[in-house]
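Single-letter residue listing:
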Amino acid sequence: MHDNVDWLGGVGGDHRTTLIENLVRQGYSVSPGYFSLPLVRALREEALLRDRQGEFQLAGIGRRQDHHLDERVRSDRTRWLDGSTLAQCQLLEEMEQLRQQINRELFMGLFELESHFAIYGPGDYYQRHLDAFNGNNGRLLSTVLYLNEGWLSEDGGRLRIWPAPDAQTVVTEVEPRAGTLVCFLSEKIPHEVLAARRERYSIAGWFRCNNTTAEWLDPPR
Ligand SMILES: O=C(O)CCC(=O)C(=O)O
Ligand SMILES: [Fe+2]
């Protein structure tokens, strides 16, 4: 089915190094063209297919006992990655390289990645939030890869970013263009997804610390 072995053409040590420098300087990084179009296309096709097969669910807020659905906060639908396709494996392999380099250079203690496909239909949004607070869910570093080709500014759906938890002034807005990878500190960087006027495809992920102790087994999600 897939004979293209050059999916990761654009990614290399330089991309990772620049990403990490931005992360240190700003608490977030925006990397256009981080992943190649063939890989992004394969991932989007997979999301479309799985969505048609009814595998997506309305997104919840929080995890375990905190889990609840709140249409007022977010309205996208999601499906967890499970590493079952070549495209997912290629993506996860690069994220693993990134994890190792960040741990080597920043000693962040990133342990594992949980990630899901997300689809925002026209009009869907996710209000301003932090992905973690006070270590509640072990999320240290958030990542978002966008899968949308031919995205125009007027399509909306930008990711709005604030520079600090209590900041009032937006520092940047990111167009959800195919191949762009955004990373940010989960506890430090508030963000919001603005409504789009066409379907918006992405893969959101979170590098977590290891919360497992002898008394408490902490599954990835
Ligand atoms: O899709 C995006 O741009 C961000 C998604 C997000 O903030 C989340 O899933 O927590
Ligand atoms: Fe988020």
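Residues numbered from 1 in each chain as written. Chains lettered and ligands numbered in written order. Predicted model: local features only at pLDDT ≥ 70, side-chain atom pairs only at ≥ 80, totals over all residues. Heavy atoms only, no water.

## Regarding the overall build of the protein
- Each helix and strand in the protein was counted, giving three helices and eleven strands.
- Residues counted as buried form 47% of the 221 residues belonging to the protein.
- Expressed as a percentage of contacts within the protein between residues at least 6 apart in sequence, the contacts between residues at least 24 apart total 79%.
- Surface exposure of the protein reaches about 10800 Å², of which carbon and sulfur atoms provide 52%. (Helix = DSSP H or I, 4+ residues; strand = E, 2+ residues; numbered from the N terminus. Buried < 20%, exposed > 50% of the residue type's maximum accessible area, 1.4 Å probe, protein only. Contact = heavy atoms within 4.5 Å. Areas by Shrake-Rupley, 256 points an atom, 1.4 Å probe, with all protein chains shown as cover.)

## Comments concerning the site of ligand 1
- The environment of ligand 1 is formed by 14 residues, the closest being His129, Asp131, Tyr146, His191 and Arg200.
- Within the side chain of Asp131, one N or O atom sits 3.2 Å away from an oxygen atom of ligand 1.
- Take Tyr146: an N or O atom from its side chain is 2.6 Å from an oxygen atom of ligand 1.
- Considering every element that reaches the shell around ligand 1, the biggest residue donor is strand S11 (residues 200-208), with four residues.
- Looking at the shell around ligand 1 residue by residue, the classes come out as eight nonpolar, three polar and three charged. (Near = heavy atom within 4 Å. Polar contact = N/O pair within 3.5 Å; in protein donor to acceptor, adjacent residues only side chain to side chain. Nonpolar A, V, L, I, M, F, W, Y, C, P; charged D, E, K, R; others polar.)

## Let's talk about the sheet that holds strand S7 (residues 159-161)
- Ordered by their spatial adjacency, four strands build an open sheet running S5-S10-S7-S8, and the pairing between neighbours is antiparallel. Where the open sheet ends on each side, the last strands, each with one partner, are strand S5 (126-129) and strand S8 (172-174). Within the sheet, the average angular offset between the axes of one strand and its neighbour, ignoring direction, is 15°.
- As paired strands, S7 and S8 are joined by three bridges and run antiparallel to one another. Paired with Arg160 across the two strands is Glu173, which belongs to S8. (Pairing = 2+ DSSP bridges. Axes fitted to C-alpha atoms, helices over the stretch in contact; angles between N-to-C directions.)

## Comments concerning the environment of Gln127
- Counting through the fold element by element, Gln127 comes out in strand S5.
- Taking the C-alpha atoms as reference, Gln127 lies 9.8 Å from Arg160; in sequence the two are 33 residues apart.

## Considering the nonpolar core
- Core analysis: the largest hydrophobic core is formed by 29 residues, its most contacted members being Leu19, Phe35, Leu43, Leu91, Leu145 and Leu181.
- Of all the secondary structure elements, the ones that give two or more residues to this core are helix H1 (13-26), helix H2 (37-52), helix H3 (86-106), strand S4 (112-120), strand S6 (139-146), strand S9 (181-185) and S11.
- Ala118, Val144, Tyr146 and Ile189 belong to the second-largest nonpolar core, a separate cluster that totals 13 residues. (Core = buried A, V, L, I, M, F, W, Y, C linked by side-chain atoms within 4.5 Å.)

None of this, on its own, says anything about what the molecule does.
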